[in-house]
Structures are given as C-alpha cells and as structure tokens.
Amino acid sequence: MDDTPGLPRYTRVMIARRRFLANAAGFAAGLAAPTLARDVDLRLPGGPATRRLTDSFPGKRAMILQRTTPPLLETPISAFDAGIFTPNDRFYVRWHWSPPTEIDPRAFRLTVDGHVATPLALSLADIAALPRFEIAAVNQCSGNSRGLFEPRVAGAQWAHGAMGNALWAGVRLKDVLARAGVKDGAVRLRFSGLDEPPLPESPDFRKSLALDHALDGEVMLATHMNGEPLPLLNGFPLRLVVPGWFSTYWVKMLDRIEVLAGPDDDYWMAKAYQVPATPGGSIAPGTTDFPRQPISNMVPRAFITNVADGSRRLAQSALPVGGIAFGGDAGVARVEVSGDGGASWRDAMLGPDAGRYSFRRFDSVIAAPRGAARLMARCTSTAGIVQPLTGIWNPGGYLRGQVETIAVDFT
Ligand SMILES: Nc1nc2c(c(=O)[nH]1)N[C@H]1C(S)=C(S)[C@@H](COP(=O)(O)O)O[C@H]1N2
Ligand SMILES: [Mo]
C-alpha cells in the first residue's frame, strides 16, 4: 500500500478522524493511494536537488518529500498558480518532533496556566463557544527557500514551497486569555503542542510571544483552515496563527498556554531561530560572531507561478506572466514584472485583496523573443518595503526576500 520508508502508521488516526470529520471522502481515498513515482528537480544550487513526489501522508495529495520522519513536505510551486488560497491537501508540513498519529477530539483539552487568576482546561466545545474570528494569512517557514542560499547552510533544503495561504477560522487568543484573567506582572505567553521529543534530554518545541502582541486581537487559535478542520499534519485540532510573523510561532496541536511573568530563555526562543540583528538580517558568509535576535516578522515576496524555472517555451510577442505576492507583515501595494532580468519593469495588475496578510494574485504580460531570458517579479508592501535585487546570507538560511529569477529558454 505504501512504499515510503519509515512512514509512521497513520491509518488509525485516519479511521478515528473519519468519524469526526463530515467530509471523510478525501481521507478514505488517501488510504489506498500509492506513492507517486515522479521526481521533481528543485534546482538547488548547492547540491542534490531531486526529490520524490508523495501522496502517502494523511490528508495530503502530491507533495515534495523533504523528510519522512518527522515529516517535512513541500508544496510544488504550480499549486500556487491555481488560486490565492493553498488547498489543505497541498499545504506544506513541518514538524521538529513526530506528532501523535491519533487524537481524540472529545478528550482534548487546552490548558491555560501560569500567571493567571483562574487556570483553565478548555474543551473544543468551550473554545467554539467564544466569538468566532477569521483571517486570511500566509504561513511561511522561517527557512523557506533556504536551499537556494549560497553558500549552502545547514537545515532543511527547501525551495520556495515551505509556505501557504489559508483562511484561518477559530477564536481570538485575547478572548481565551480574558477567561483566565492575566495577572499583573505577566509579560509573555508561551505555547506548546502535543508533539514530544523522542528523548527526554531534547528540548520540547515551545515558542513565546510578548503579551501585547499575543493579545492584539489578530493572533488567534484556529480550528479550521479554508473551511475544513485542520489536517492532522497542520495541527489538528487547534493551532496558533500569528499573522505577519514566521510560522515557527504558529504552534500546532496547541495544548498548553503558559502565562510567564519573566523572559523566556528556553532553547527555541534563546538559541534556535536567531537572525543577525543587522539590516535585512544579513552578514558576510561564514561570519560566526554577530549580534542575534529571535526571528519575527516576514518581508515582502513575489513568485511567478505560471512559468517554471528552467523551462523551455515558444517565443511570442506577449507571454502572460502571473503569480502570487505577499507583503510580509503588511499588504501588497504594487507588483512589477520584468522580462529582461531587471533592466526594465512594468506594473502588474493586482487581483482581489483578501486582507493584508494574504497572498495576492498578480498578472501581466512580457515580450518573449527567441533566446534565454530571466523573468522577475518584485513586490512593494503597503509599508513601503521593496524587495531588493541582491540576496542576503545568514547561517540559519532565514529571511530570504530578494527578487527571484525564473530562467526560461524561448525557442
Ligand atoms: N507543535 C508544533 N508546532 C509547530 C512546529 C512543531 O514542530 N511542533 N513547527 C513550527 C514550524 S517551524 C513551522 S514552519 C510550522 C509549519 O506549519 P505547517 O506544518 O502547518 O505548514 O509549524 C510550526 N508549529
Ligand atoms: Mo519553520
């Protein structure tokens, strides 16, 4: 049934979840689906770039297999061409430790404790009784596009598919915390999920946010994405959504919120996910001694999605070029495209605005005379940040935001 080496046994979850989910058909179909035989070339400059496509994971169709356990699944770029919302069954997956393969939503409780007046243990029904909140927001891994860093850095060698956009639905975090009553002196909220490290000496994955940020009315607990319950691998039954910030903070299978009265010097905040405290988060390759700070907000990016990098196309007077852009922690004000490697630019047409944290479609046309060409798209955010043409480097492979190039050969 499944030839992916080391794939954990998700079958029981799928059966348990089928009872819970109204629309179980997709899961049932996924059970019998074989691993796809096709390979994809991610065109990574620093080394092996070929990956397998797999549909062996629960709730997922064809995904780029970056690692089996804990799962790292990348979204093929072509999936972003179909619309500004990334389908749940094509949405990328990233776990530090293997998540449980079975969750009983009736037994699930979210604990809220620490510096609060009333510690809570909320069921999913308790959470559903709070005012409903929805927001469209891009979920992007801090290391998205890391595989394109030159010189190469350690970590998952993602191309551009460790991101996705969804309409998240659930409740505001501040409404949950109002029920517990945050005590004076609280400064941060720390979040952790049901996944546990395999060895007790490894650090449990947990992240924290400053209290004011966490209670800003946009940070939310999502039970649904794109109108469906969260897929297991995207954090069923509950995840944190931090619009405009990298997804390392978007804790999945969230089962504990601790209110802290002091700083969080835990491994995942103080040691991991650090970026240089320099302009653009960039340092000279190889530098090891530099000021650091925890990664935070995203930067604007644009991706051409209708022409594949490294492809061959027919020469033509007007080639449609389109894709998706996002403003990082702001909206998309403008997208320009270039068909000549950045020598000249023209404004693209922008599609409907689904909110400042969402992907936004752009479309344009370029002249495509015979020969090798370099296509580009450049986003300007509503905060006035323009994507730079030159790249950055840091040892984590974080914060890539330069204008990306699609090489095409017109024949
Ligand atoms: N519980 C838990 N939440 C987590 C993680 C994790 O390892 N465990 N990884 C984080 C990171 S680094 C990323 S990039 C996103 C990935 O979200 P996705 O798998 O839904 O795309 O989940 C975040 N939330
Ligand atoms: Mo990540």
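Residues numbered from 1 in each chain as written. Chains lettered and ligands numbered in written order. Predicted model: local features only at pLDDT ≥ 70, side-chain atom pairs only at ≥ 80, totals over all residues. Heavy atoms only, no water.

Draft legend 1. Fine view of the overall build of the protein chain. When its secondary structure is counted, the protein chain shows 6 helices and 26 strands. Relative to the 2.2 N^0.38 estimate, which gives 22 Å for 411 residues, the radius of gyration of the protein chain is 21 Å and therefore close to what a compact globule would have. In terms of principal-axis extent, the alpha carbons of the protein chain reach across some 70 × 50 × 40 Å. Residue pairs at least 24 apart in sequence account for 69% of intrachain contacts in the protein chain once pairs closer than 6 positions are excluded. (Helix = DSSP H or I, 4+ residues; strand = E, 2+ residues; numbered from the N terminus. Rg over C-alpha atoms; globule rule 2.2 N^0.38 Å. Contact = heavy atoms within 4.5 Å.)

Draft legend 2. Highlighting the environment of Arg334. Within the secondary structure, Arg334 is located in strand 21 (residues 332-338). Of the residues examined, Arg334 reaches a relative accessible area of 37% and is grouped as partly exposed. For the pair formed by Arg334 and Arg346, sequence separation is 12 residues and the distance between their alpha carbons is 10 Å. Ignoring anything within four residues of it in the chain, the contact list for Arg334 reads Asp347, Leu350, Arg378, Cys379 and Thr380. A polar contact of 2.7 Å, which involves the side chain of Arg334, links it to the side chain of Asp347. (Buried < 20%, exposed > 50% of the residue type's maximum accessible area, 1.4 Å probe, protein only. Polar contact = N/O pair within 3.5 Å; in protein donor to acceptor, adjacent residues only side chain to side chain.)

Draft legend 3. Region of interest: the pattern of salt bridges. A complete count under the given rule lists 20 salt bridges for this structure. Here Arg172 ties to Asp175 by a salt bridge, and the two come within 3.9 Å at their closest N and O atoms. Judged by its relative accessible area of 18%, Asp175 is buried. Across the pair Glu404 and Arg400 runs a salt bridge whose closest N-O atoms are separated by 2.8 Å. Both residues of the pair, Glu404 and Arg400, count as buried. Via salt bridges that share partners, Asp113, Arg190, Arg206, Arg256, Glu258, Asp264 and Asp266 belong to a single interconnected network. (Salt bridge = Lys/Arg side-chain N within 4 Å of Asp/Glu carboxyl O.)

Draft legend 4. Representation of the site of ligand 1. Near ligand 1, the surroundings consist of 19 residues, among which Tyr92, His96, Asp195, Arg239 and Lys252 are the closest. Within the side chain of Asp195, a nitrogen or oxygen atom sits 2.7 Å from a nitrogen atom of ligand 1. At 2.7 Å from an oxygen atom of ligand 1 is found a side-chain nitrogen or oxygen belonging to Arg239. For ligand 1, the accessible surface in isolation is 530 Å², of which the surrounding protein chains cover 100%. Partitioned by chemical class, the residues of the shell around ligand 1 number 10 nonpolar, 5 polar and 4 charged. Structurally, the shell around ligand 1 is a two-domain feature, drawing no fewer than three residues from each of domain 1 (9-94) and domain 2 (110-294). (Near = heavy atom within 4 Å. Areas by Shrake-Rupley, 256 points an atom, 1.4 Å probe, with all protein chains shown as cover. Nonpolar A, V, L, I, M, F, W, Y, C, P; charged D, E, K, R; others polar. Domains from an automatic or database assignment.)

Draft legend 5. Up close: unusual backbone geometry. Along the chain, Thr69 connects to Pro70 via a cis peptide bond; the corresponding omega equals -20°. Following the sequence through the fold, Pro70 ends up in the loop between strand 3 (63-67) and strand 4 (72-74). Cis rather than trans, the peptide bond between Phe236 and Pro237 has omega equal to 5°. Tracing the backbone shows Pro237 in the loop between strand 13 (228-229) and strand 14 (239-241).

Draft legend 6. Representation of the sheet that holds strand 26 (residues 405-410) within the structure. Taken together, the 5 strands give an open sheet; going across it, the order is 19-26-25-21-22, and neighbouring strands pair in mixed fashion. Each edge of the open sheet is held by one strand with a lone partner, namely strand 19 (311-313) and strand 22 (346-347). Both strand 19 and strand 26 contribute to a ladder of 3 bridges, which runs parallel. If you follow Arg313 over to strand 26, its bridge partner there is Phe410. (Pairing = 2+ DSSP bridges.)

Draft legend 7. Summary view of the confidence of the model for the protein chain. Confidence in the prediction of the protein chain, expressed as mean pLDDT, is 93, and 91% of residues score 70 or more. Across residues 11-33, confidence stays below pLDDT 50; counting only partners more than four residues off in sequence or on other chains, it has 29 contacts. (pLDDT = per-residue confidence, 0-100.)

Draft legend 8. View of the environment of Glu134. Mapped onto the elements, Glu134 comes out in strand 8 (residues 132-140). With relative accessibility at 43%, the residue Glu134 sits in the partly exposed group. In the structure, Glu134 is positioned 86 residues away from Met220 in sequence and 8.6 Å away in space, judged by C-alpha atoms.

Draft legend 9. Seen up close, the pairing of strand 2 (residues 50-54). Across 3 bridges, strand 1 (residues 39-41) lies against strand 2 in antiparallel orientation. Bridged to Val40 within strand 2 is Arg51. Note that strand 2 and strand 3 share 3 bridges and pair antiparallel. When the bridges of strand 3 are listed, Leu53 appears paired with Ile64.

Draft legend 10. Summary view of the sheet that holds strand 1. With antiparallel pairing, 5 strands are arranged side by side in an open sheet as 1-2-3-4-5. Each end of this open sheet is capped by a strand with a single partner; those strands are strand 1 and strand 5 (93-94).

Draft legend 11. Looking closely at helix 4 (residues 173-180). Here helix 4 has its buried residues at Leu173, Asp175, Val176, Leu177 and Ala180. Looking one or two residues beyond helix 4, the residue adopting positive phi is Gly181, at roughly 80°.

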